[in-house]
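# Notes for the structure review
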Amino acid sequence: GEGQLSISIFNISLNVEGKVIITLVIRNSSNKGMKVEEIPVTLKDESNSIIVSGKFSMKDFTIKPMKARICNLAFQTNLTAEKPESFLDKWKVIFE
């Protein structure tokens, strides 16, 4: 079931092209392989405004038993950064 997979956020970055890249670590704590088909993501800024919200379809994303995989989700936004910047401490990701 759902309790076998846990997701933690490794980084949230914004690059100069306005792309937000969310790096996740997805752990499978069950003793059988699990397939992730989609990840619903809502990203909020410091003032709790939604920056982006959507569902990511994962293609053939399988996690072996008792293993973790890193996964990058990239969103195009109209935000810009002069240099690549991390927002891990400022923004939050909700998986719904």
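First, a word on scope: everything that follows refers to the structure included in this document. These numbers were taken from a predicted model, which means no experiment stands behind them.

### Details of the nonpolar core
Counting 22 residues, the largest nonpolar core has Ile22 and Leu73 as its most contacted members. With five residues, the single largest contributor to this core is strand S4 (residues 50-63). If sequence neighbours within four positions are ignored, Leu73 has contacts with Val20, Ile21, Ile22, Leu24, Val41, Phe56 and Met58.

### Remarks on unusual backbone geometry
One non-glycine residue, Asn48, lies in the positive phi region at around 70°. Asn48 sits in the partly exposed class, given a relative accessible area of 42%. Unlike most non-glycine residues, Asp60 shows phi in positive territory, near 50°. As for its position among the elements, Asp60 is in strand S4.

### Focus: the sheet that holds strand S7 (residues 92-94)
Reading across the sheet, the three strands line up as S4-S3-S7 and stay open at both edges, with antiparallel pairing between neighbours. One side of each edge strand has no neighbouring strand; the edge strands of this open sheet are S4 and S7. The average undirected angle you get between the axes of adjacent strands in this sheet is 30°. Summarising the sheet, strand S3 (residues 34-44) and S7 pair through three bridges and their orientation is antiparallel. In the sheet register, Thr42 faces S7, and the bridge partner there is Ile94.

Procedures and definitions
- Residues numbered from 1 in each chain as written.
- Predicted model: local features only at pLDDT ≥ 70, side-chain atom pairs only at ≥ 80, totals over all residues.
- Heavy atoms only, no water.
- Core = buried A, V, L, I, M, F, W, Y, C linked by side-chain atoms within 4.5 Å.
- Buried < 20%, exposed > 50% of the residue type's maximum accessible area, 1.4 Å probe, protein only.
- Helix = DSSP H or I, 4+ residues; strand = E, 2+ residues; numbered from the N terminus.
- Contact = heavy atoms within 4.5 Å.
- Pairing = 2+ DSSP bridges.
- Axes fitted to C-alpha atoms, helices over the stretch in contact; angles between N-to-C directions.

Worth remembering: the numbers are spatial, not functional.
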